[in-house]
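Tertiary structure, described
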Amino acid sequence: MLPEVESWLRDRSFSASGWSLPRLHELKGSTTVSVVLPARDESATVGEIVRVIRRELAGLVDQVVVIDSRSTDDTAAVAARAGAEVHAQDEILPSLKPLDGKGEALWKSLAVTHGDLIVFIDADLRDFRSSFVAGLLGPLLADPSVHYVKGHYDRPLGNAPTGGGRVTELVARPLLNLHWPLLSGFMQPLAGEYAGRRSVLERVPFVTGYGVELGLLVDLLELSGLDALAQVDLGSRAHSHQSTEALGGMAAQIMLAAWSRLDRQGKALMLEEPSVRLTQFHRSASGHRVVDRDVSIAERPPMITINR
C-alpha cells in the first residue's frame, strides 16, 4: 500500500458509532440534508427504510426522496405512505431522453433534491438502521474539507457473516489497485451507501449503469483529491443477493466505466472500442443455450451543465 494511502486510512476512516445524534444536530446548524433511495421493485423494504429515517432522524434529515425506477410493483405507493417524496425517474427532466440504470436515478435525484448534503441509500436493505445515514453525515458535518464519504460494512452471504461483495473483490478492487492505487484503501468501493456535498456531486458525470459507484470514486479523486474523500464503518449490511449471471453483467458495466476513465485520463491507449455484448451460457435439456446481453452504459454530464 502506498504511504499516502496508509496516512489517509488513519485520518479519513471513521465509525458510525462515533457520531451521536445530539452531536450531529449540533454540527448541522443551517446545513440541509436530503436522503435519496433509488428503488425498483423494492416494495418489501423501502417503506421501513423511509419510516426509520423519518422517525429517528427528524430534524437532522430535511428531505427523504425515493426515485422510482420503473417499478412494476407498488414501490411508489409504499414509499409515499411511509412519508417519502416520490418521483418517477422518467418524469424528472422530461426534455431529456430517458436512460436506463441505477446511475440515471441517482443523477436525476440531484434535480429534485434541495439539500446541501445528499445521502444515497440502497432501497433493498433489510434490518436498516438510521446509523447508516447518521454515520455518513458525521465527517461531512464535522469537516468542510471532506467532500464525499463512502460506507463500508461486513456483508453476510447465506449463513456466513461475510462473503458478500463478490464483484468488489473479483473486479472493482483489482481495477482500482492496478490503475488508481490511491483508491486502494476503500474497503467497499461499490457500496450503495454514500454521501456527498451537492456542490461537488453536481460537478461530476454519472455513469447510468452499475459502474456509477466506481465512476464517482475515480472522478471525485481527480476533482477533489484523496484527502477530500473518507469512509465510515457502518457495521453489517444485509440485502438480497443477485445471481451469478446478474453479477456478470454488473462486472461488465464496471469494467466499461473503468475503461472510459482510463481513456479520458490518458492512462491507456485505446486501439478500438470495447464490445458491449456479454455472452453467457445457460444449461438446458439439450445442452447449453447461448444468451447475449447488452451491457452498454451511458453517461450523464455534470448536473451544473444542465439547463433546468
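Below: a short report on this structure.

Parameters and conventions
Residues numbered from 1 in each chain as written. Predicted model: local features only at pLDDT ≥ 70, side-chain atom pairs only at ≥ 80, totals over all residues. Heavy atoms only, no water. Pairing = 2+ DSSP bridges. Helix = DSSP H or I, 4+ residues; strand = E, 2+ residues; numbered from the N terminus. Axes fitted to C-alpha atoms, helices over the stretch in contact; angles between N-to-C directions. Phe/Tyr/Trp six-rings, centres within 6.5 Å; stacked < 30°, edge-to-face > 60°. Buried < 20%, exposed > 50% of the residue type's maximum accessible area, 1.4 Å probe, protein only. Parallel < 35°, antiparallel > 145°, perpendicular 65-115°, else oblique. Left-handed = near helix turned anticlockwise from the far one by under 90°. Contact = heavy atoms within 4.5 Å. Nonpolar A, V, L, I, M, F, W, Y, C, P; charged D, E, K, R; others polar. Right-handed = clockwise from strand over helix to strand, strands pointing away. Arc of directions from axis to C-beta.

Bringing the sheet that holds strand E2 (residues 33-39) into the picture now. The strand order across the open sheet built from eight strands is E1-E12-E7-E10-E5-E2-E3-E4, with neighbouring strands paired in mixed fashion. Since the sheet does not close on itself, it has two edges, and those belong to strand E1 (13-15) and strand E4 (85-88), each with one partner. Pairwise comparison of adjacent strand axes, ignoring direction, gives a mean angle of 25 degrees for this sheet. Of the strand pairs in this sheet, E2 and strand E5 (residues 117-120) are connected by four bridges, and their pairing is parallel. Residue pairing in the sheet places Ser34 in a bridge with Ile118 of E5.

This part covers unusual backbone geometry. Of note, Asp41 is a non-glycine position whose phi angle comes to about 55 degrees, a positive value. Tracing the sequence through the fold places Asp41 in the loop between E2 and helix H3 (46-56).

Overall, the coordinates contain six aromatic pairs when judged by the stated rule. Between Tyr148 and Tyr194 the ring centres are 5.7 Å apart and the planes differ by 50 degrees, which places this aromatic pair in the tilted class. With Tyr148 in strand E7 (residues 148-154) and Tyr194 in strand E10 (residues 194-197), the pair connects residues that are 46 residues apart, well separated along the chain. With a relative accessible area of 0%, Tyr148 lands in the buried category. Joined through ring pairs, the aromatic side chains of Phe120, Tyr148 and Tyr194 make up one cluster.

What follows is about the packing of H3 against helix H4 (residues 75-82). The N-to-C vectors of H3 and H4 enclose an angle of 20 degrees; their axes lie 8 Å apart at closest approach. As the angle between them shows, H3 and H4 are arranged roughly parallel. The chirality of how H3 crosses H4 is right-handed. Contacts between H3 and H4 involve Val46, Gly47, Val50, Arg51 and Arg54 from the former and Thr75, Val78, Ala79 and Ala82 from the latter. Tallied by class, the residues present in the contact of H3 with H4 amount to five nonpolar, two polar and two charged.

Looking now at the pairing of E4. Bridge analysis of strand E3 (residues 63-68) against E4 gives four bridges, and the strand direction is parallel. Along E4, the bridge assignment pairs Asp68 with Ala88. Crossover handedness for the path E3 to H4 to E4: right-handed.

Moving on, we get to H4. Taken together, the buried positions of H4 are occupied by Thr75, Val78, Ala79 and Ala82. Relative to the axis of H4, the buried residues are bounded by an arc of 95 degrees and lie together on one face. Just past H4, the residue Gly83 takes up positive phi, approximately 110 degrees.

Pairing geometry for strand E14 (residues 277-284) and strand E15 (residues 287-294), over eight bridges, is antiparallel. Pairing of Leu278 across the sheet is with Arg293, part of E15. Linking E14 to E15, which pair antiparallel, is a turn of two residues.

The next subject is the environment of Trp19. By secondary structure assignment, the location of Trp19 is in the loop between E1 and helix H2 (21-28). When its relative accessible area of 16% is taken as the criterion, Trp19 is described as buried. Measuring from C-alpha to C-alpha, the distance between Trp19 and Leu217 comes to 24 Å, with 198 residues separating the pair along the chain. Sequence-distant contacts of Trp19, defined by excluding residues within four places in its chain, comprise Phe14, Leu24, Leu27, Ala134, Gly135, Gly138, Pro139 and Ala142.

Where H2 meets helix H6 (residues 131-142), the axes come as close as 10 Å, and the angle between the chain directions of the two elements is 40 degrees. With respect to H6, the element H2 is oriented oblique. Read as a crossing pair, H2 and H6 show a hand that is left-handed. Within the contact between the two elements, H2 uses Leu21, Leu24, Leu27 and Lys28 and H6 uses Ala134, Gly138, Leu141 and Ala142. Counted by class, the contact of H2 with H6 contains six nonpolar, one polar and one charged residues.

Remember, this is a structural readout, not a statement about activity or role.
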